[in-house]
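Listed here are the chains, written in short residue letters.
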Amino acid sequence: MKYKHIIWDWNGTLIDDAWLCVEIMNSLLKKRKLNSITINDYREHFTFPVRDYYIKLGFDLMAESFEVCGMEFINEFKNRKFDASLYNQIELILDQLTKMGLSHSILSAQNQILLDETVAHYQLQNKFEGVIGLENHYAHSKVNIGKSWIERLSFSCNEVIMIGDTVHDFEVAQAMGTDCILIASGHNSRERLENSGALVLESPLKIIESLFK
């Protein structure tokens, strides 16, 4: 087993919350008389920086700033932050991987305070060596915090693997110099993930099998 540490994304990778993002976004779109989206639409359009995603959906960022409409989304997400559930058996998967000798951390584009609150709510904080988020709410990129985090880890890049659910997670893994696995049940479509060239799995349940085959 070449890997000793897994860097996990949070939203859409450990927690199943893409549906929640669709519901909240549709409330913002309806308020602005814009077309609603489905989960498939969301997975096709969601991207980083998140500002570009808002533009794709039709938000007029000349008429209102991204900071305003983006914060409107975040405030509603905060109100519903515990509505989503962890993926099926994700705690068991983490525990099994730990018994196999791997350690774990979280690298997320979510605001640090909100991330800490949600990870603690699901009682996962003791399973990770670090829980790393952004200082703001606007999800521009996590490349810089990823590069900073891997420099702090006591492993070489080829001993670390990133597991996420978006093309951006693959980009972060490339910037860190690590391998990457992407999960197709999160915030990007399977086609978009496969186009990155990364290994794509249907769900987190396939991770152990993939790592040890």
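How each quantity is defined
- Residues numbered from 1 in each chain as written.
- Predicted model: local features only at pLDDT ≥ 70, side-chain atom pairs only at ≥ 80, totals over all residues.
- Heavy atoms only, no water.
- 1 Å grid on protein atoms, 1.4 Å probe; cavity = no way out; pocket = protein on both sides within 12 Å on 5 of 7 lines; lining within 4 Å.
- Points joined across faces, edges and corners; volume = space filled by probe spheres on them.
- Nonpolar A, V, L, I, M, F, W, Y, C, P; charged D, E, K, R; others polar.
- Core = buried A, V, L, I, M, F, W, Y, C linked by side-chain atoms within 4.5 Å.
- Buried < 20%, exposed > 50% of the residue type's maximum accessible area, 1.4 Å probe, protein only.
- Helix = DSSP H or I, 4+ residues; strand = E, 2+ residues; numbered from the N terminus.
- Contact = heavy atoms within 4.5 Å.
- Pairing = 2+ DSSP bridges.
- Right-handed = clockwise from strand over helix to strand, strands pointing away.

### Quick look at empty space enclosed by the protein
- The tally for this structure, following the rule as stated, stands at 2 cavities of 30 Å³ or more.
- Lining the second largest cavity are Trp10, Asn11, Ile15, Asp17, Leu20, Phe77, Lys81, Ala84, Gln110 and Thr118.
- Split into classes, the residues belonging to the lining of the second largest cavity amount to 5 nonpolar, 3 polar and 2 charged.

### Re the nonpolar core
- Among the nonpolar cores identified, the biggest contains 47 residues, and Met25, Tyr53, Tyr54, Phe59 and Phe73 are the most heavily contacted of them.
- Of all the elements, helix α1 (residues 18-31) adds the most residues to this core, at 8 residues.
- For Phe59, the residues in contact, after removing those within four places along its chain, are Met25, Leu28, Leu29, Arg32, Leu34, Tyr54, Glu64 and Cys69.
- In terms of nonpolar packing, the next biggest core, distinct from the first, is built from 29 residues, Ile15, Leu102, Ile163 and Ile208 among them.

### So, the pairing of strand β6 (residues 160-164)
- Among the 5 residues in β6, 5 count as buried, and that is most of the element.
- Neither face of β6 is open: one carries Val160, Met162 and Gly164, the other Ile161 and Ile163, and all of them are buried.
- For strand β1 (residues 5-8) and β6, the ladder comprises 4 bridges, and the chain directions are parallel. The partner of Ile7 across the bridge, within β6, is Met162.
- In terms of strand pairing, β6 meets strand β7 (residues 179-183) through 4 bridges, oriented parallel. Across the sheet, residue Gly164 finds its bridge partner in β7, namely Leu182.
- Handedness of the β-α-β unit built from β6, helix α8 (residues 167-176) and β7 comes out right-handed.

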